[in-house]
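# Coordinates in review
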There are 2 protein chains.
Amino acid sequence: MYKLVFFGLGTIGREILKTALLKRSFKIAGGVDVNPDIIGKDLGELIGEEKLGVNVVDSIKKIEEADVVVHSTSSFLKITLPQFKEIMEAGFSVISTCEELFYPFHFHKKEAEMLDKIAKENGVSILGAGINPGFVLDTLVSFITTVSRDIEKITAERYLDASKRRKQLQLKVGASLSKEEFDTLKKDGKLGHIGLPESLTYIFDSLGWKIKDIENSLEPVIAEEDFETEYLKIKKESVRGQHQVAKGISEDGREIKLILRMAVGEKESFDRIRIKGIPDIDLKIDGGVHGDIGTSTVIINYIPGLMKLPPGLHSTRDLPLPHFTM
Amino acid sequence: MYKLVFFGLGTIGREILKTALLKRSFKIAGGVDVNPDIIGKDLGELIGEEKLGVNVVDSIKKIEEADVVVHSTSSFLKITLPQFKEIMEAGFSVISTCEELFYPFHFHKKEAEMLDKIAKENGVSILGAGINPGFVLDTLVSFITTVSRDIEKITAERYLDASKRRKQLQLKVGASLSKEEFDTLKKDGKLGHIGLPESLTYIFDSLGWKIKDIENSLEPVIAEEDFETEYLKIKKESVRGQHQVAKGISEDGREIKLILRMAVGEKESFDRIRIKGIPDIDLKIDGGVHGDIGTSTVIINYIPGLMKLPPGLHSTRDLPLPHFTM
């Protein structure tokens, strides 16, 4: 039985809480959020369920006991690093949906070293995870290469019809913007999924391939006709979503390409991994794995494995083979 | 760099050797076989490659140094257990394709306890693996449940068109037998894939579900027309392969079903895992993973993880997340 404290109780934090409540392996021991609207509220009520007798507090310092803190506040280490420091110095391990934490060993080396040091000094573990990054385009890709004798090229894709997903996601992928608005926001770094280059470097390191070159491109998907979702009206010729590609070449010319296409009106949602090698592999998950539910289940199901690891900053590659937790 | 010794150099042992030779992480340190035709021969020559300067010997006692012994002699613990004992008492860890070793904790409890004891006494590790059992119908199934919030039912299938596979496999699945011959051999326990119930119990234990009931059925696949392979002629109404099902029900009524269909003339080869739950999952590997190559790659790619585990008998669930090894 692991005692969980939730740090950040927005949409994703609440999804993870819902998953945790279905499991007998976890006890909800606390909640922390800075949002004044929910401080003092019961965590059960927050998700429309029965009271849990556990209220949201405004600081991790008010938490007395936890095995692991489930953290979900931001995609960026510049925001989350001080939070991780505070949590670990309070003596708690961390699992976080922070995208940049998933695999910080290439793009945030200094922060990774710092987090590893703080974790070890406090005898705790820290891991970034989720469905993407954290599972479909990295951990699963890495795992499926177990059947590979040789590999020439890997292509992993996640295609998502955003039309039935929440408004926040539809806006995040640029749906309903004009092409000019998309380009401006893109230039300001305000569009695009965080974590795709992290997934790419994770796979390179799994395979033991040295990276020669990495590209990360983001393009709008233009509406061929008018679309209408529950939340948005998308005019023909405007943007209905994003098409992002992270591509890397190894020093000996091997390629890994990750494609993330999220758009309103996509004909099909799926996750697909293709390996050109010995043997060729073509793995497809029809319908894909639902993002919010997937993140919540992955976070919860990684926790027992994380608790078995020595103190430090980890990646999902260190986990004993994860699986469903009761 | 891990020093490998091959114990058993039949078809599968040689396939694993071929995979190992492509990798820089391994050094071929020896070979052991009882077949007088190959004792004294160079391991490289055995697989039609350049000499390795390592000859086959007739006993593990003649091996001086190894990190892990790659064992492939038989599917049955009653044959392999004394071999494992000898290898581990010589101070070497073991990875084996022995199907009953993959997950002996239900059907061979006493043997499992004995192997665990011998391993610990000698400070070595032992693991059973392969593509099936060992990957597609168990380890991958278990891993993919990481995205599951709740699970009602799991169906995992491996369909294989045996027509392009080696003669040994075509005969193993009963191709060209009459229905009566199939039934007689089945009654004598001389047909059917070994390891399917092992895969089933592995998944139950991963999920933490208590088993109420297990069935394991084996039926012939009857030829609707004449077939001809490179090796066999199969008359209409005779047997072209086998259809095996292992099914388990948990104490609270949840179901896991594994289907292994291997027959000459199957329209499609594939591996597929379907989960009915939250969320539903439908994962398919088009073409399936080639059995002999797959077993060789899985064995080789599990070795670095096995070397990180403490002494004892392990299952693939204990491994740090496996992946391609250079």
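Here the structure is a predicted model, which means the values were calculated and not measured.

Conventions we followed
- For every chain, the first residue of its written sequence is number 1, and the numbers climb from 1 along that sequence.
- Here chains are named by letter from A upward and ligands by number from 1 upward, in the order in which they appear as written.
- Two thresholds apply to this predicted model, a pLDDT of at least 70 for residue-level local features and 80 or more for giving and counting side-chain atom pairs, whereas whole-chain, interface and lining totals are computed over all residues.
- The side-chain values count all of the structure's non-hydrogen atoms but skip hydrogen atoms and water molecules.
- Under the scheme used here, helices are H or I runs from DSSP no shorter than 4 residues and strands are E runs no shorter than 2 residues, and both carry numbers assigned from the N terminus.
- Note on classification: 1.4 Å probe, protein chains only; a residue is buried when its accessible area is under 20% of the maximum for its type, exposed when over 50%, partly exposed between these limits.
- Each polar contact in these results corresponds to two N or O atoms within 3.5 Å; when the atoms are within protein, one needs to be able to donate a hydrogen and the other to accept it, and residues that are neighboring in sequence are counted only if both atoms are side-chain atoms.
- Two residues form a contact once any of their heavy atoms are found within 4.5 Å.
- Two strands make a pair as long as DSSP finds a minimum of two bridges between them.
- Interaxial angle, 0 to 180 degrees, is taken between N-to-C directions of lines fitted to C-alpha atoms, where a helix line uses only the stretch in contact.
- Here the copies are matched by least squares. The fit uses the C-alpha atoms of residues with pLDDT of at least 70 in both.
- These domain limits were set by an automatic method or by a database of domain assignments.
- As used here, buried area is the combined drop in accessible area, with a 1.4 Å probe, of two parts when they are placed together.
- We count a salt bridge whenever a side-chain nitrogen from Lys or Arg sits within 4 Å of a carboxyl oxygen from Asp or Glu.
- Polar here means any residue other than Ala, Val, Leu, Ile, Met, Phe, Trp, Tyr, Cys and Pro, which are nonpolar, and Asp, Glu, Lys and Arg, which are charged; Gly is therefore polar.
- Pairing of aromatic side chains here covers Phe, Tyr and the six-membered ring of Trp, requires ring centres within 6.5 Å, and sorts the geometry by plane angle: under 30 degrees stacked, over 60 edge-to-face, intermediate tilted.
- Multiply 1.5 Å by the residue count of a helix minus one, and that product is the helix's expected span.
- Residue types Ala, Val, Leu, Ile, Met, Phe, Trp, Tyr and Cys, when buried and joined through side-chain atoms within 4.5 Å, form a set referred to as a nonpolar core.
- Cavity: a set of points on a 1 Å grid over the protein atoms alone where a 1.4 Å probe fits but cannot get out. Pocket: an open set with protein on both sides within 12 Å along at least five of seven lines, its lining residues, like those of a cavity, having an atom within 4 Å of a point.
- Grid points are joined across faces, edges and corners, and a volume is the space filled by probe spheres set on the points.

We now examine the side chain of Asp161(A). Residue and element names in this part refer to chain A. Note that aspartate 161 resides in strand S7 (residues 150-161). In this structure aspartate 161 comes out as buried when scored by relative accessible area, which is 15%. A distance of 2.9 Å separates a polar atom in the side chain of aspartate 161 from a polar atom in the side chain of serine 163.

A word on the environment of Asp42(A). All names here are of chain A. Within the secondary structure, aspartate 42 sits in the loop between strand S2 (26-32) and helix H2 (43-46). Separated by twelve residues in the primary sequence, aspartate 42 and valine 54 place their C-alpha atoms 5.4 Å from one another. Leaving out residues up to four positions away in the same chain, aspartate 42 has contacts with Glu50, Lys51, Leu52, Gly53, Val54 and Asn55. A distance of 2.7 Å separates the side chain of aspartate 42 from the backbone nitrogen of glycine 44, its partner in a polar contact.

Time to look at the sheet that holds strand S1 (residues 2-7) of chain B. All names here are of chain B. Spatially, the seven strands line up as an open sheet ordered S3-S2-S1-S4-S5-S6-S15, and their pairing is parallel. In this open sheet, the two strands that pair with only one neighbour each are strand S3 (56-57) and strand S15 (312-314). Where strand S2 (residues 26-32) lies against S3, two bridges are found, and the strand directions are parallel. Its bridge partner lying in S3, valine 32 is registered against valine 57. Sheet contacts for helix H4 (residues 109-121): strand S6 (125-128) and S15; angle to S15, the most-contacted strand, approximately 130°.

Time to look at the relation of the copies chain A and chain B. When chain A is fitted to chain B, the best match, at an RMSD of 0.0 Å, comes from turning it 180° and sliding it 0.0 Å along the axis. One copy is carried onto the other by what is essentially a two-fold rotation axis. Taking the C-alpha atom as reference, chain A places Pro320(A) closest to the rotation axis, 2.1 Å from it. The share of interface residues of chain A whose copies in chain B are also at the interface is 100%, consistent with both copies meeting through the same surface.

Our focus in this paragraph is the domain arrangement of chain A. Residues and elements named next belong to chain A. Domain boundaries in chain A define domain 1 (2-129 + 293-318) and domain 2 (139-288). Counting residues at the interface gives 15 residues for domain 1, matched by 15 residues for domain 2. Counting the surface lost from both domain 1 and domain 2, the interface buries some 1300 Å², and carbon and sulfur atoms represent 63% of this. A per-residue breakdown of the area domain 1 buries against domain 2 is headed by Tyr103, Phe107 and Arg317, which together make up 38% of the total. Counting every contact that joins domain 1 to domain 2 gives zero salt bridges. Taken together, the links from domain 1 to domain 2 amount to six residue pairs in polar contact (both at pLDDT 80 or more). In terms of residue class, the side of domain 1 that touches domain 2 is built from six nonpolar, six polar and three charged.

In this section: the environment of Ser178(A). All names here are of chain A. With respect to the helices and strands, serine 178 occurs in the loop between helix H6 (167-172) and helix H7 (179-187). Serine 178 sits in the partly exposed class, given a relative accessible area of 23%. Separated by 45 residues in sequence, serine 178 and proline 133 place their C-alpha atoms 28 Å apart.

Glancing now at the packing of aromatic side chains. Residue and element names in this part refer to chain B. Within this structure, the stated rule accounts for 17 aromatic pairs over all chains. Judged by centre distance (5.0 Å) and plane angle (70°), the ring pair of tyrosine 103 and phenylalanine 105 falls under edge-to-face. The class for tyrosine 103 is buried, based on a relative accessible area of 3%. Note on phenylalanine 204 and tryptophan 209: the rings are 6.1 Å apart at their centroids and 70° apart in plane angle, and the pair reads as edge-to-face. Classification of phenylalanine 204 by relative accessible area gives buried; the value is 0%. Owing to a relative accessible area of 6%, tryptophan 209 belongs among the buried residues under this scheme.

Attention now moves to the sheet that holds strand S6 (residues 125-128) of chain A. Residues and elements named next belong to chain A. Overall, parallel pairing links the seven strands, which are arranged S3-S2-S1-S4-S5-S6-S15 in an open sheet. Looking at which strands have only one partner, the edges of the open sheet turn out to be strand S3 (56-57) and strand S15 (312-314). Looking at chain direction, strand S1 (residues 2-7) and S2 are connected through six bridges and run parallel. Bridging across to S2, phenylalanine 7 finds its partner in valine 32.

In this section: H4(B). Residue and element names in this part refer to chain B. For H4, with 13 residues, the first-to-last C-alpha span of 18 Å sits near the 18 Å given by 1.5 Å per residue. Turning to H4, the residues buried within the fold contact helix H3 (77-89), S6 and S15. Note on H4: the residue one or two positions beyond its end, glycine 123, has a positive phi of about 65°.

What follows concerns the nonpolar core. Phe6(A), Phe135(A), Phe6(B) and Phe135(B) are the most contacted members of the largest nonpolar core, which has 143 residues in total. Excluding residues that lie within four positions of it along the chain, Phe6(B) makes contacts with Gly13(B), Ile16(B), Leu17(B), Ala20(B), Ile28(B), Gly30(B), Gly31(B), Val32(B), Leu43(B) and Val70(B).

Turning our attention to helix H8 (residues 196-207) of chain A. Because an α-helix completes one turn every 3.6 residues, residues spaced three or four positions apart along the sequence face the same direction. Residue and element names in this part refer to chain A. The first and last C-alpha atoms of H8 sit 17 Å apart over twelve residues, in line with the 16 Å expected at 1.5 Å per residue. Among the twelve residues of H8, eleven are classified as buried, and the element is accordingly described as predominantly covered. By the burial criterion, the buried members of H8 are Leu196, Pro197, Glu198, Ser199, Leu200, Thr201, Tyr202, Ile203, Phe204, Ser206 and Leu207. At the C-terminal side of H8, glycine 208 shows a positive phi close to 80°.

This part is about unusual backbone geometry. Residues and elements named next belong to chain A. Omega for the peptide link from isoleucine 278 to proline 279 comes to -10°, which places this bond in the cis form. On the secondary structure map, proline 279 appears in the loop between strand S13 (270-278) and strand S14 (281-286). The residue serine 176 is not glycine, and still its phi comes out positive at about 85°. When you line up the elements, serine 176 lands in the loop between H6 and H7. Residue class for serine 176 comes out partly exposed when judged on its relative accessible area of 30%. One non-glycine residue, glutamate 237, lies in the positive phi region at around 80°. Among the structural elements, glutamate 237 can be located in the loop between strand S10 (233-234) and strand S11 (239-250).

This paragraph deals with the layout of surface pockets. Over the atoms rolls a probe the size of a water molecule, and in doing so it shows where empty space is left. Residue and element names in this part refer to chain A. There is about 1100 Å³ of room inside the largest pocket. Elements with a minimum of two residues in the lining of the largest pocket: helix H1 (11-21), helix H3 (77-89), S7, H6 and helix H9 (291-306). Here the lining of the largest pocket gets four residues from one element, more than from any other, and that element is H6. Counted by class, the lining of the largest pocket contains 20 nonpolar, 20 polar and ten charged residues. When its volume is computed, the second largest pocket comes out at roughly 840 Å³.

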